[in-house]
Amino acid sequence: MNINFEYHNVSASDRLEILAGKKLAKLEDKYDFIISSDVYFKKENMSDDTGKKCSVRINTPGPTLFAEASSSGFEVAIANVMENLQRQLQKRKDKMQAH
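The notes below deal with the structure included here. Because the structure is predicted, anything quoted here is derived from the model rather than measured.

## So, the nonpolar core
Piece 1. Core analysis: the largest hydrophobic core is formed by 22 residues, its most contacted members being L27, F41, C54, V56, I58, L85 and L89.
Piece 2. For this core, the elements supplying multiple residues, two or more each, are α1 (14-30), β2 (36-43), β3 (52-59), β4 (65-71) and α2 (74-98).
Piece 3. Here this core takes seven residues from α2, the largest share from any one element.
Piece 4. Among residues more than four places away in sequence, those in contact with L85 are L27, V56, I58, L65, F66 and A67.

And the structure:
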């Protein structure tokens, strides 16, 4: 699977790329129909200290899956996004098996 990383108002981080890559690899092991993914890290000025946003777009046969989460840290945002994508991928897999 090809993973593209983009950073907006954040300096590039190997640590974040490794963490997101490991989590996406786990999803790819379970859901073999994943083609590629795009991971976006963005820092926004928020009054409640949740300005660190992680967004992930996964390309699959059919519609593209997308999830994003904001948190006080990128690690928590990555975990939340991966949970959301896990649910979306399971739903997609169930639909594919039904046909």
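Picking up where we left off.
## So, α2
Piece 1. Compared with an ideal rise of 1.5 Å per residue, which puts 25 residues at 36 Å, α2 spans 36 Å between its outermost C-alpha atoms and is within 8% of the ideal.
Piece 2. By the burial criterion, the buried members of α2 are F74, A77, I78, V81, M82, L85, L89 and R92.
Piece 3. In this structure, the buried side of α2 is in contact with α1, β2, β3 and β4.

## Describing the packing of aromatic side chains
Piece 1. Counted by the stated rule, this structure contains three aromatic pairs.
Piece 2. Consider the rings of Y7 and F41, whose centres lie 5.4 Å apart with planes at 20°: the pair is stacked. In this pair, Y7 is assigned in strand β1 (residues 2-8) and F41 in strand β2, connecting sequence segments 34 residues apart.
Piece 3. A ring pair is formed by F41 and F74, whose centres lie 5.5 Å apart and whose planes are at 85°; its orientation type is edge-to-face.

## A look at the sheet that holds β3
Piece 1. Here we have four strands laid out as an open sheet, ordered β1-β2-β3-β4, and mixed in their pairing. Sheet topology places β1 and β4 at the edges, where each strand pairs with a single neighbour. Across the sheet, the mean angle from the axis of one strand to that of its neighbour is 15°, orientation sign disregarded.
Piece 2. Pairing geometry for β3 and β4, over seven bridges, is antiparallel.

## Digging into α1
Piece 1. If you check α1, its first and last C-alpha atoms are 24 Å apart, about what 17 residues at 1.5 Å a residue would give, namely 24 Å.
Piece 2. Looking at α1, one finds that the buried residues are L16, A20, G21, L24 and L27. What you see down the axis of α1 is that its buried residues fit within an arc of 120°, all on one side. Exposed and facing more than 90 degrees away from the buried side of α1 are D14, R15, K22, K26 and D29.
Piece 3. For α1, the secondary structure elements touched by its buried residues are β1, β2, β3 and α2.
Piece 4. Put simply, S13 is the residue that caps the front of α1, since its side-chain oxygen is 3.4 Å from the backbone nitrogen of R15.

Calculation notes
- Residues numbered from 1 in each chain as written.
- Predicted model: local features only at pLDDT ≥ 70, side-chain atom pairs only at ≥ 80, totals over all residues.
- Heavy atoms only, no water.
- Core = buried A, V, L, I, M, F, W, Y, C linked by side-chain atoms within 4.5 Å.
- Buried < 20%, exposed > 50% of the residue type's maximum accessible area, 1.4 Å probe, protein only.
- Helix = DSSP H or I, 4+ residues; strand = E, 2+ residues; numbered from the N terminus.
- Contact = heavy atoms within 4.5 Å.
- Expected span 1.5 Å × (residues − 1).
- Phe/Tyr/Trp six-rings, centres within 6.5 Å; stacked < 30°, edge-to-face > 60°.
- Pairing = 2+ DSSP bridges.
- Axes fitted to C-alpha atoms, helices over the stretch in contact; angles between N-to-C directions.
- Arc of directions from axis to C-beta.
- Polar contact = N/O pair within 3.5 Å; in protein donor to acceptor, adjacent residues only side chain to side chain.

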